[in-house]
Structures are given as structure tokens and as C-alpha cells.
Amino acid sequence: MKPSISRHTQTDTRALILKHAQALLLTRSYLGLSFQDLANHVGIRKASLYHHFASKEALGIALIDATGARFMHWAQSVQNSSATTQLQAYVQMFRNGIGAGQKVCPIGATAGEWDCLEPALQDRIRQLHLSQLQWLTATTLQLESITTLKSSALRQHAAAARAHLINALCQGALLSARLHASAQVFDAATTPLNDLLQ
């Protein structure tokens, strides 16, 4: 009896392409992600990539959509924790989930190339960024330092400002850590924020 041979399905191959493309995006940026390098990593012909993604733009959009889905799944996984714990987990998601010192996040990997990106891809990246800011704002609204403000307009303004601060700090810390290939640089940059949240 012949042993059964395992064959990759179209879905398996697409998932493998996305996995390797994500790694290349976070280490080389969007413009640095070439279909030839991607095909080599996946172990298929370059032409075969086009059976799964009609263009690099389509691949980029799929990567950003997958990132958004992972973020929403992560947000649901921490929603029963206190606001402070959720915000600390957000910082740790950047550090450990993305890989401080080795990678940057998809938003950081594309922001520096903004004018070279296709409009549809820019829109998806903006949507991803806004979804994070909306989550951060909603979570920050639960902090005692915000809830004690008398006016709802003041609470919303203060929460939105902190959301931008937390997001920008994490993004910048990732970039700095990547420059020095050291997660300790990320820790040094985010320690004041973690101290503030405790």
C-alpha cells in the first residue's frame, strides 16, 4: 500500500504566501517586498503568486486586512481585563507580538513610503490605524484619570489625545528598536508609559 501524499491546497498556499509576505513586509517594508523573493521563500514560481494575488497591491491589501483581523481578535481576548491592563497589553503586543528589535508593524513599514503606495492600499492602512486609535480611545476613556473629568467633551478629547500618544510612542519605539536591533531600546522608550499606567 502506497503512503498517502500530502498536497497543499490553494488555501494552504495562499496562507503560506501571506505568512512569508508578512515577515518580509515587517523587515523590508512594502516597497522592499518583491514577488521574486516571496516566491523563493514560499518555494513556488513567481508566476504562481499571481494565481493567488493579481497584483502586489492586492497582496498588500490582503496583508493589511489580515493584520486588522488579528488586531480585532487580540482586542477581544483582553476585553475582560481592566483598562490599565489592556493598555499595558497593547504595549506588550507591539514589543512581543511584532518583535521589537527585529521588525516594525505594518503601519510603520508603509508610512515612510506613503507617496509610493496605491490609493486603495493607503485607505486600508488608514482604516487599520483608525481602528487601533478608536480602540485606544475607548479603552482610555475607562481610566480613572479620564472618568473624573466633568465634561464628556473633555473626557473624549483627553482620551483621544492619550490614544494618539500611546500609539505614536509604540510606533516610534519599534522603529528605534529596529535601528539598534534591540528590544531594550523599545523598553527604554515605553517604560515611562508603563509607569504612568501602573
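Residues numbered from 1 in each chain as written. Predicted model: local features only at pLDDT ≥ 70, side-chain atom pairs only at ≥ 80, totals over all residues. Heavy atoms only, no water.

Visitor: For this particular structure, what's the right way to read the pattern of salt bridges?
Guide: Taken as a whole, this structure holds 4 salt bridges when the rule is applied. With its nearest N and O atoms 3.0 Å apart, the salt bridge here joins Arg126 to Asp123. Of this pair, Arg126 and Asp123 both sit in helix H7 (residues 119–140), 3 residues apart, which is roughly one turn of the helix. (Salt bridge = Lys/Arg side-chain N within 4 Å of Asp/Glu carboxyl O. Helix = DSSP H or I, 4+ residues; strand = E, 2+ residues; numbered from the N terminus.)

Visitor: Is there a simple way to explain the packing of helix H4 (residues 56–78) against helix H5 (residues 83–99) in this structure?
Guide: Between H4 and H5, the shortest axis-to-axis distance is 10 Å and the interhelical angle comes to 145°. Crossing geometry of H4 relative to H5 is assigned as right-handed. Seen from H4, the contacting residues are Phe71, Trp74 and Val78; seen from H5, they are Gln86, Ala89, Tyr90 and Met93. (Axes fitted to C-alpha atoms, helices over the stretch in contact; angles between N-to-C directions. Left-handed = near helix turned anticlockwise from the far one by under 90°. Contact = heavy atoms within 4.5 Å.)

Visitor: Teacher, can you tell me more about the environment of Leu33 here?
Guide: Here Leu33 shows up in the loop between helix H1 (10–28) and helix H2 (35–42). C-alpha of Leu33 to C-alpha of Asp187: the two residues are 154 residues apart in sequence and 28 Å apart in space.

Visitor: Honestly, the packing of H4 against H7 in this entry has me stumped. Any pointers?
Guide: Pairs of packed helices are described in terms of their axes, by the angle between the two and the distance that separates them. For the pair H4 and H7, interaxial distance at closest approach is 9 Å and the crossing angle is 10°. Our classification of the angle between H4 and H7 gives roughly parallel. Between H4, through Glu57, Gly60, Ile61, Ile64, Asp65, Thr67, Gly68, Phe71, Trp74, Ala75 and Val78, and H7, the contact on the second element is made entirely by Ala120, Leu121, Arg124, Ile125, Leu128, Ser131, Gln132 and Trp135. Its residues assigned to classes, the contact of H4 with H7 shows 11 nonpolar, 5 polar and 3 charged. (Parallel < 35°, antiparallel > 145°, perpendicular 65-115°, else oblique. Nonpolar A, V, L, I, M, F, W, Y, C, P; charged D, E, K, R; others polar.)

Visitor: In this structure, what is going on with helix H9 (residues 152–180)? I would like to understand it.
Guide: An α-helix turns once every 3.6 residues. As a result, residues three or four positions apart point the same way. An ideal rise of 1.5 Å per residue puts 42 Å on 29 residues; H9 measures up with 42 Å between its terminal C-alpha atoms. Of the residues making up H9, those classed as buried are Ala158, Ala159, Ala163, Ile166, Asn167, Cys170, Gln171, Ala173, Leu174 and Ala177. The inward-facing, buried residues of H9 contact H5, helix H6 (106–111), H7, helix H8 (144–147) and helix H10 (183–197). Near the N-terminus of H9, the side chain that reaches the backbone nitrogen of Ala153, with its oxygen 3.2 Å away, is that of Ser151. (Expected span 1.5 Å × (residues − 1). Buried < 20%, exposed > 50% of the residue type's maximum accessible area, 1.4 Å probe, protein only. Polar contact = N/O pair within 3.5 Å; in protein donor to acceptor, adjacent residues only side chain to side chain.)

Visitor: Looking at this structure, how should I read the packing of aromatic side chains?
Guide: Each aromatic ring pair is specified by the distance between its two centres and by the angle formed by the two planes. Evaluation of the coordinates by the stated rule reveals 7 aromatic pairs. A centroid spacing of 5.2 Å and a plane angle of 65° characterise the contact between Trp74 and Trp135, whose relative ring orientation is edge-to-face. You can see Trp74 sitting in helix H4 and its partner Trp135 sitting in helix H7, a full 61 residues away along the chain. A residue is classified by how much of its surface remains accessible, and Trp74, at 15% relative accessible area, is buried. When the ring of Tyr90 is compared with that of Trp135, the centres are 5.7 Å apart and the planes differ by 25°; the resulting orientation is stacked. One end of the pair, Tyr90, is in helix H5; the other, Trp135, is in helix H7, and 45 residues separate them in sequence. When sorted by exposure, Tyr90 lands in the same class as Trp135, which is buried. Among the aromatic residues, ring-to-ring pairing joins Phe71, Trp74, Tyr90, Phe94 and Trp135 into one connected group. Of note, Lys56 hangs over the ring of Tyr30, and the distance from its end group to the ring centre comes to 4.7 Å. (Phe/Tyr/Trp six-rings, centres within 6.5 Å; stacked < 30°, edge-to-face > 60°. Lys NZ or Arg CZ within 6 Å of the ring centre and 35° of its normal.)

Visitor: Would you mind going over H2 with me for this structure?
Guide: When we look at burial in H2, the residues that qualify are Phe35, Leu38, Ala39 and Val42. Projected down its long axis, H2 shows its buried positions confined to an angular sector of 100°, all on one face. One or two residues past the end of H2 sits Gly43, with phi positive at roughly 90°. (Arc of directions from axis to C-beta.)

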